[in-house]
Amino acid sequence: MRNLLRYLKDYKKESVLGPLFKLLEASFELFVPLVMAKIIDIGIRNQDVGYIIKMGGILILLGIIGLSCSLTAQYFAAKAAVGFGTSLRNELFRHINQFSYTELDTMGTATLITRMTSDINQVQSGVNLVLRLFLRSPFIVFGAMVMAFTIDAKAAFIFVIAIPLLSIVVFGVMLISMPLYKKVQKQLDKILLATRENLTGVRVIRAFNRQKDEIKNFDESSDLLVKFQVFVGKISAALNPLTYIIINFAIIALVWIGGKQVDSGVITQGGVVALVNYMSQILVELIKLANLIITISKSLACANRVNTVLEKKTSMIEKTGQVITQKEDTVRVVWENVDFTYEGAKQPALSGISFEAKKGETIGIIGGTGSGKSTLVNLIPRFYDVTKGKILINGVNIKEYSFSDLRDKIGVIPQKAVLFKGTVRENMRWGKKEASDEEIYQALKTAQGEEIIKQKKEGLDFLIQQEGKNLSGGQKQRFTIARALVRKPEILIMDDSASALDFATDAKLRKAIKENTKDMTVFIVSQRATTIKNADKILVLDDGRLVGAGKHKELLESCEVYKEICLSQLSEKEVQN
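Below is a summary of the structure that appears in this document.

Scoring rules and cut-offs
- Each chain has its residues counted from 1, running along the sequence as written.
- Local features in this predicted model are restricted to residues of pLDDT 70 or higher, and side-chain atom pairs are both shown and tallied only at a pLDDT of 80 or more, whereas totals for entire chains, interfaces and linings draw on every residue.
- Side-chain calculation: all heavy atoms of the structure are included, whereas hydrogens and water are not.
- Numbering goes from the N terminus for both helices and strands, where a helix is a DSSP run of H or I of at least four residues and a strand is a run of E of at least two.
- For the radius of gyration, the atom set is restricted to C-alpha positions; the globular benchmark scales as 2.2 Å times the number of residues to the power 0.38.
- Summary of the burial criterion: residues with accessible area below 20% of their type's maximum are buried, those above 50% are exposed, and those between are partly exposed, where the area comes from a 1.4 Å probe applied to protein chains only.
- Here a polar contact is taken to be a pair of N or O atoms separated by no more than 3.5 Å, where protein atoms must pair a possible hydrogen donor with a possible acceptor and residues adjacent in sequence count only if both atoms sit in side chains.
- Contacts are assigned to residue pairs with any non-hydrogen atoms lying within 4.5 Å of each other.
- Should DSSP find at least two bridges between two strands, the strands are taken to pair.
- Take the buried residues of types Ala, Val, Leu, Ile, Met, Phe, Trp, Tyr and Cys, join any two whose side-chain atoms come within 4.5 Å, and each joined set is a nonpolar core.
- Patch membership is restricted to residues that have no salt bridge and whose relative accessible area is over 30%. Joining uses 9 Å for like charges and 5 Å for the nonpolar side chains Val, Leu, Ile, Met, Phe, Trp and Tyr.
- Note on areas: Shrake-Rupley, 1.4 Å probe, and residue coverage restricted to the protein chains presented here.
- In the sections that follow, a salt bridge refers to a side-chain nitrogen of Lys or Arg positioned within 4 Å of a carboxyl oxygen of Asp or Glu.
- Of all possible arcs, the one meant is that of the directions from the helix axis to the C-beta atoms.
- Within this scheme the basic residues Lys and Arg register as positive and the acidic residues Asp and Glu register as negative, but His and the chain ends are omitted.
- Charge coordinates come from a single atom per side chain, which is NZ of Lys, CZ of Arg, CG of Asp or CD of Glu.

### Things to note about the overall build of the protein
Part 1 of the reasoning: The helix and strand tally for the protein stands at 21 helices and 12 strands.
Part 2 of the reasoning: Rg of the C-alpha trace for the protein: 35 Å, well past the compact-globule value of 25 Å for 577 residues, more than 25% over.
Part 3 of the reasoning: Seen through its C-alpha atoms, the protein measures out along the principal axes to roughly 120 × 50 × 45 Å.
Part 4 of the reasoning: With 577 residues in all, the protein has 47% of them scored as buried.

If you want it as structure tokens, here you go:
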């Protein structure tokens, strides 16, 4: 939590004024029992109505001033807490966006969403309550004890005994409950993960008629969360009765001793009433403090979880601010003995990969499932870093480029077509911010998406819904291809990005890309032999190793894996053509 307090630096004034006004409110509240004692001892005893009215007015004035101080404190505390939460959320979002795929894979989307939402909200609530109550409650507890000593020292010793006992109960419950709240949050993570998987995979669940199984699994996870919450809730619930028992015994002792002191003429009846009021104030404030500590326990658990993400450093180091001298030759991408192993994996995903891709070449990449095709192309824009070896673009190690300089050279079309809510024009300009409508239409024409726009009366102003839900799979793929083509990159990566297209449209797409991207180096990852058979160079992967590289006919003669893939999809005659 200490590391997160730096996000309050822009709200130093509010962080000071909030507690200060709460202390002012508490100070005025401490005078209320003394005024009541005066009303009893002087006004009521002497039946002085004027005095009673005057002191009653003072009570009202103290109430109005206290309310004003309380509202002011609440304003400053809320402003500081909301500002803190906003700054922390923005910083966490910025930090997460620096992560490589390695960190994102390790931590998981559901976990990061929980940190961004419920965890930060809990921390924000904790900051708000701390600014309002953390100083006020102890101030009133010890202030009431001091005021009690000014009335009668003998009776005030009851406060000296009661307050430590109450403190032991309060802090004991806090120490027990804090680790339990961490368990609650971990179980909440699991439920959010299950929820996300079910909502995103609802079509698959229904297709396999697994709704009842998923509901059962969710209920079991939810029941476990309830058990954790009930258990920690019982411990927290024990706080109030225990504190009430101590306070009530203290009040009984106070009335007993106070009564004797009144009979002896040591203190007045109003003094006894004031002592009881002070004890009641202590009860109320300790209950508030106890609830505050429980909230702080939750907030600290959440703060530690948020801080864990902030302390997680990206495995990639970006070099910025240096001038890159590129070699102008025909070779664009070079792989030199590259190995790559995923975080936590025992076996490498890629081993000993070496090849060259020249300017304007189309490189086809094929292999069985899990052979490392997507991994290979994901290393080019540094979504992951190589474990061994190096990759060169224009004669320069990709690690020497800044991320922006490197990725500006590359157009990536991922396996899953992802579009964002907005117009077609807005989505296309993800590829190039200042792209003109003419450039967008040209990219759409190459990607075989122009006819889709012609069918929409809004044209480029057609509104795409979240995740492209109002488009078919093939339409989304064509739009994502066009988005990458708009920027006219030096390197185009198509990671099985035409899988939803029919064979005729796929063929037209490859022909159009070939005709309109003369100097562009194109990497095409595909499961279809027909998609890559006419590539300038075909890379065949098997279990993370490069087992063949060359043209289609060369590989039919030299690479058994490639031949087997082709024959599994095409007839002998089609393979030879």
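### Remarks on the side chain of S371
Part 1 of the reasoning: Considering the arrangement of structural elements, one finds S371 in the loop between β3 (362-367) and α11 (373-378).
Part 2 of the reasoning: Within the structure, S371 has its side chain in polar contact with the backbone oxygen of G368 (distance 2.7 Å).
Part 3 of the reasoning: In contact with S371, not counting residues within four places along its chain, are A349, L350, L541, D542, D543 and G544.

### Some words on the pairing of strand β9 (residues 491-495)
Part 1 of the reasoning: For β9, a buried count of 5 out of 5 residues is recorded, marking the element as mostly surrounded by other parts of the structure.
Part 2 of the reasoning: Of the two faces of β9, both are covered, the one formed by I491, I493 and D495 as well as the one formed by L492 and M494.
Part 3 of the reasoning: In the sheet, strand β6 (residues 410-413) pairs with β9 via 4 bridges, with the strands oriented parallel. Directly across from I413, in β9, lies its bridge partner M494.

### As for the nonpolar core
Part 1 of the reasoning: Counting 50 residues, the largest nonpolar core has F159, M279 and I282 as its most contacted members.
Part 2 of the reasoning: For this core, the secondary-structure elements that each account for two or more residues are α1 (12-44), α5 (136-151), α6 (153-200), α8 (211-237), α9 (239-263) and α10 (269-311).
Part 3 of the reasoning: Residue contacts for F159: discarding those within four places in its chain leaves A144, M145, A148, P164, L254, L275, Y278, M279 and I282.
Part 4 of the reasoning: Formed by 44 residues, the second largest nonpolar core is a distinct cluster that contains I366, I413, L460 and L555.

### Examining the environment of I52
Part 1 of the reasoning: Residue placement: I52 occurs in helix α2 (residues 49-96).
Part 2 of the reasoning: Assessed through its relative accessible area of 31%, I52 is described here as partly exposed.
Part 3 of the reasoning: The residues contacting I52, other than those within four sequence positions of it, are I39, G43 and I44.

### Examining a nonpolar patch on the surface
Part 1 of the reasoning: A cluster of nonpolar residues, F149, F157, V160, I161, L165 and I168, forms a patch on the protein surface that exposes about 570 Å² of accessible area.
Part 2 of the reasoning: The dominant element in the nonpolar patch, judged by the number of residues it contributes, is α6, at 5 residues.

### Details of helix α14 (residues 437-446)
Part 1 of the reasoning: Within α14 the residues assigned to the buried category are I440, A443, L444 and T446. With its buried residues spanning 160 degrees around the axis, α14 presents them on a single face.

### Points about a negative patch on the surface
Part 1 of the reasoning: Together, D542, D543, E560 and E564 line one region of the surface with negative charge.
Part 2 of the reasoning: Following the sequence through the fold, E560 ends up in helix α20 (residues 560-569).
Part 3 of the reasoning: A relative accessible area of 59% means that E560 is categorised as exposed.

### Notes on the side chain of S15
Part 1 of the reasoning: Here S15 lies in helix α1.
Part 2 of the reasoning: Apart from residues lying up to four places away in sequence, S15 is in contact with L8, A80 and L131.

Function cannot be read off these values alone, since they describe shape.
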